[in-house]
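Working through the structure, step by step
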Amino acid sequence: MAKKDEKIEYVKNGKRLDGRKVDEIRPLKMKVGVLPNADGSAYLEWGQNKVLVGVHGPKEALPKHKQNPYKGLVRFTYRMATFSVPDRKNPRPGRRESEISKVSGEALEKSIFLERFPNCAIDIYVEIFDSNAGSRAAGITAASVALADAGIPMKDLVCAVGVGKAGGEIILDLNKDEEDAPDAVDIPIAIMPRTEEIVLLQMDGPITKPEWNKAVKLGIQGCNQVYEAQKVALREKFAKVEKGK
Amino acid sequence: MEKMIWDIEANKVTSLIKEGKRVDGRKLDERRKVTVLKNISDNADGSAKVTLGKTEVMAGVKMVLGTPYPDNPDKGTISVGVELLPLASPQFEVGPPRENAIEIARVVDRGIREGKAIDFKSLCVREGELVWIAFIDFYVTNYDGNAFDAGSIAALAALNETKIPKIEDDKVVKHEYSGKLKLAKQPLLTTVSKIAGNLVLDPVLIEEKAQDARFSCAVSDDKTMCAFQKGFGGSFKVSEIDECIDLSFKSAKELRKLV
Amino acid sequence: MENKKEEMAMPKDAVPVAKETKAEAKPMPEEGRAEHKEKKIVIPGDLIAEGRKKLGQHVFIENGKIYSDALGITYPNSGTAYVVPLSGIYLPQRDDLIVGIVERETIKGYMVDINSIYSCYLSADKCRDRLEKGSIVSAKIDSVNEVNEADLFDVRVFYGGTIIRVVPAKVPRMIGKNGSMLAVLKEGTGSSLLIGRNGWIWSKGGDQKKLAEAINLIESEAHLDNLTVKVEAFLKGKKVNE
């Protein structure tokens, strides 16, 4: 374990602690259509993160006073299993989970033709079974392919990644060790890749304008790597069907 | 709201069972295919994913240090938690566990506890002060009936993988282990539904919709039973319970090879 | 159909308007698919065509270009830009033939579950027979309002039989060109069948087990060619074996 007062070189000769390059994401793979009872679903492994997503709907939004007569609601629930973190997590959902649920749902809203589903809700359930920094990006990325799997009409996919700073270096897809750096800055970012519109952006930690410029460029480049993996997973669904019988 | 389509499908189940057949072509005393995938989460001290037909469960164990109960100063303990995740079925809702989940958790807990799977004394670190508590949490990720058995298999599979963390200054050292958790017995649960007067092993969801009564029996070896639970409004005769018990011994014996 | 697409091509910020026109959109006919064999798998946001084209289902226009809104298959050489989706819930459209289940009685009619977002109201005046909870009916969609609620007409009641559920997006393949697949299913199993556009299939009699297997086969290979031939062979092959 790294002690706070130790001086760690987070990037040495272009290599990071886990051997990655600064612009390299952790190994990412996903599979769609994994849950028979959900209208759409996806399982994703991204580094140590393991995420399962199920989508139900569109269906009538209840209670009725929550209905919007102009467009459907996206209800995103992000939850962590008790054993998904180093210390056992309290099974009750906390404030962190509520906030992530809210911003993640909002990140997906613009990608969906919600105006075709007035008074309806689309429920997205994200369950994290193992984590190591970047689980919200993993959740959003998996949720977007699960929505496509559910046949919900969309303008584009949404892909997400974490970008940030550790040891003075701007790096892509921080892992837990990097996120624990004394000067760490974490910037989760999600885009719709076709138009590069940003649909989720958060940050905690001090950063300068030039650093931000570098980070956002790296983030968008990372999102595009994620997008490629999403495309592969969705196309594989056809391949799976072809081989299935 | 219960959909009418369920009634139509449940009728199908009942009329088939009257002919001695099941919707998925199984025999009445045949279990669905079980798969066990171990180590699904590195942050867990032990974990497993279990599928029982289309029912899917993820289980994880966390070993946590705590103080013992005053009446059992030299014993650790276990705690079982279950969540029926909304993604597993459109019928499950977000929120704290409801009756059904609590019942499943308690029955699985009783099986492991009373089946003496773990010698609680071996979980004692310092008498009266420090003991291990094994938190076994499982999540139903796809629900197609019989979460009792799926949960029981998953919990046991995860326990069999569980490593005991290293302790330094009475605190857990993360990702370092002092050894494996030793299990004394391998208790497993077997659930039978009674539909139209017939006993049906390992019911699927629509069979549960058609069932009059349900009986679960946990056995810890070839001779010893350690937990019973009868559920639903219908009834069983003693001879039927005896039949269920025999099925449980047979079924648990086969399952032990997997976990 | 065109009306629907214009509305989708509106500026993104525009306030959505009531979409009575949506109900006019007809399902893409199964015919004509074979004429333009080349197919392409698309995902939401994929470019379908740059120039002008007739617009079919599951596409939208942005900045003059046509994109897919679904995961599915498109036929680049077709005169119409459209996508056959792989999945999705059933949304009622005018004149669709559906299979429904009576959910409950109301004062002057019934609520019918049609496997969509809402149950349909069915006025008792429109049925010759008295229905009860659990009755299986077939009906046509009369009109659909802006929140996807529909009215029914041309109601028929089934006595006996059961319902097989399939993914609504795959119903066109269950029916086939000019009903070719439906004919193969009926002949091969000896069952009475009515395939609802909503993904519910009423069936009675014949070899129900074989029917379920054949439907399963169509569902899992819905995007492949020569499916009718394959299903026919499957049904015949089974017969020989028995």
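In this report, the structure presented in the accompanying data block is examined. (Residues numbered from 1 in each chain as written. Chains lettered and ligands numbered in written order. Predicted model: local features only at pLDDT ≥ 70, side-chain atom pairs only at ≥ 80, totals over all residues.)

Here we look at the overall build of chain B
Just so we agree on the cut-off: Helix and strand assignments follow DSSP, with helices taken as H or I runs no shorter than four residues and strands as E runs no shorter than two, numbered in order from the N terminus. Two things to know: the radius of gyration comes from C-alpha atoms, and the globule rule equals 2.2 Å times the number of residues to the power 0.38. Between the buried cut of 20 or more and the exposed cut of 12 or fewer other C-beta atoms within 10 Å of a residue's own C-beta lies the partly exposed class, and all C-beta atoms are placed from the backbone.
Across its full length, chain B carries five helices and twelve strands. The C-alpha atoms of chain B give a radius of gyration of 19 Å, which matches the 18 Å a tight globule of 259 residues would have. With the C-alpha coordinates of chain B rotated into their principal frame, the extents come out at 65 × 40 × 30 Å. Within chain B, the fraction of its 259 residues that count as buried is 47%.

Description of the overall build of chain A
Worth spelling out the cut-off: We call two residues in contact when their backbone-placed C-beta atoms lie within 7 Å.
Counting secondary structure elements, chain A contains four helices and eleven strands. Computed over the C-alpha atoms, the radius of gyration of chain A is 18 Å, within 12% of the 18 Å expected from 2.2 N^0.38 for a compact globule of 245 residues. Per-residue burial for chain A yields a buried fraction of 53% across its 245 residues. The contacts of chain A with a sequence gap of at least 6 include a subset with a gap of at least 24, amounting to 71%.

Observations regarding the interface of chain B and chain A
Contact residues are listed per partner, giving 27 residues for chain B and 24 residues for chain A. When contributions to the side of chain B that touches chain A are tallied by element, the ones reaching two or more residues are strand S3 (55-66) and strand S6 (130-142) of chain B.

Some words on helix H1 (residues 4-18) of chain B
Owing to its 3.6 residues per turn, the α-helix brings residues three or four apart onto one side. Our working definition: Residue count minus one, scaled by 1.5 Å, sets the expected span of a helix.
In this model, H1(B) (15 residues) spans 22 Å end to end at C-alpha, consistent with the 21 Å of a helix rising 1.5 Å per residue. Each element contacted by the buried residues of H1(B) is listed here: strand S9 (188-195), strand S10 (198-201) and helix H4 (205-210) of chain B together with strand S9 (97-105) and strand S10 (109-113) of chain C. Within two residues after H1(B), B:Gly20 carries a phi angle of roughly 80°, on the positive side.

Re the sheet that holds strand S6 (residues 72-74) of chain C
Residue and element names in this part refer to chain C. Note the following rule: Here the rule is simple: two strands pair whenever DSSP picks up at least two bridges between them. Helix axes use the C-alpha atoms of the stretch in contact, all axes being lines fitted to C-alpha atoms, and the angles between their N-to-C directions lie in the range 0 to 180 degrees.
Ordered in space as S1-S6-S8, the three strands form an open sheet in which the pairing is antiparallel. Two strands lie at the open edges of the sheet, namely strand S1 (40-42) and strand S8 (83-85), each paired on one side alone. Neighbouring strand axes in the sheet, compared pairwise and without regard to direction, differ in orientation by 35° on average. In this sheet, S8 lies alongside S6 in antiparallel orientation, the contact comprising three bridges. Among the inter-strand pairings, Gly72 is bridged to a residue of S8, identified as Pro85.

Section: the environment of A:Trp212
All names here are of chain A. Looking at the element boundaries, Trp212 is found in helix H4 (residues 209-244). For Trp212, a count of 17 C-beta atoms within 10 Å gives the class partly exposed. Sequence separation between Trp212 and His65 is 147 residues, and the spatial gap between their C-alpha atoms is 41 Å.

Points about unusual backbone geometry
Residues and elements named next belong to chain A. In this structure, Pro58 follows Gly57 across a cis peptide bond, with omega equal to 0°. Considering the arrangement of structural elements, one finds Pro58 in strand S5 (residues 49-60). Cis geometry is found at the peptide bond from Leu62 to Pro63, where omega equals -5°. Structurally, Pro63 can be placed in the loop between S5 and strand S6 (73-80).

Observations concerning the packing of helix H1 (residues 95-109) of chain A against helix H2 (residues 135-149) of chain A
Residues and elements named next belong to chain A. Heads up, the condition is: In this scheme, roughly parallel covers angles under 35 degrees and roughly antiparallel covers those over 145, while 65 to 115 is roughly perpendicular and the rest are oblique. Whether a crossing is left-handed or right-handed is set by the direction in which the near helix is turned from the far one by less than a right angle, anticlockwise for left-handed and clockwise for right-handed. Side-chain classes are defined by residue name, with Ala, Val, Leu, Ile, Met, Phe, Trp, Tyr, Cys and Pro counting as nonpolar, Asp, Glu, Lys and Arg as charged, and the others, Gly among them, as polar.
Where H1 contacts H2, the axes come no closer than 10 Å and their chain directions differ by 40°. Between H1 and H2, the angle is such that the two are oblique. The way H1 lies across H2 gives a crossing that is right-handed. Along its contact with H1, which presents Ile100, Ser104, Ala107 and Leu108, the element H2 presents Arg136, Gly139, Ile140, Ala143, Ser144 and Leu147. For the contact of H1 with H2, the per-class residue count stands at six nonpolar, three polar and one charged.

Considerations on the interface of chain C and chain A
The interface of chain C with chain A comprises 25 residues on the first partner and 31 residues on the second. In the side of chain C that touches chain A, the residues fall into 16 nonpolar, six polar and three charged.

Here we look at the sheet that holds strand S15 (residues 192-195) of chain C
Residue and element names in this part refer to chain C. Judged by pairing direction, the sheet is antiparallel, and its three strands sit side by side in the order S14-S16-S15 without closing on themselves. Only two strands of the sheet have a single partner each, and these edge strands are strand S14 (162-165) and S15. Direction aside, neighbouring strands of the sheet carry axes that sit 25° apart on average. Here S14 pairs with strand S16 (residues 200-204) via four bridges, running antiparallel.

Some details on the environment of A:Phe117
All names here are of chain A. The residue Phe117 is located in the loop between H1 and strand S7 (120-130) in this model. Residue classification places Phe117 among the buried positions, given that 26 C-beta atoms sit within 10 Å. Taking the C-alpha atoms as reference points, Phe117 and Val53, 64 residues apart in sequence, are found 21 Å from one another. Not counting residues up to four positions away in its chain, the partners in contact with Phe117 are Pro58 and Gly72.

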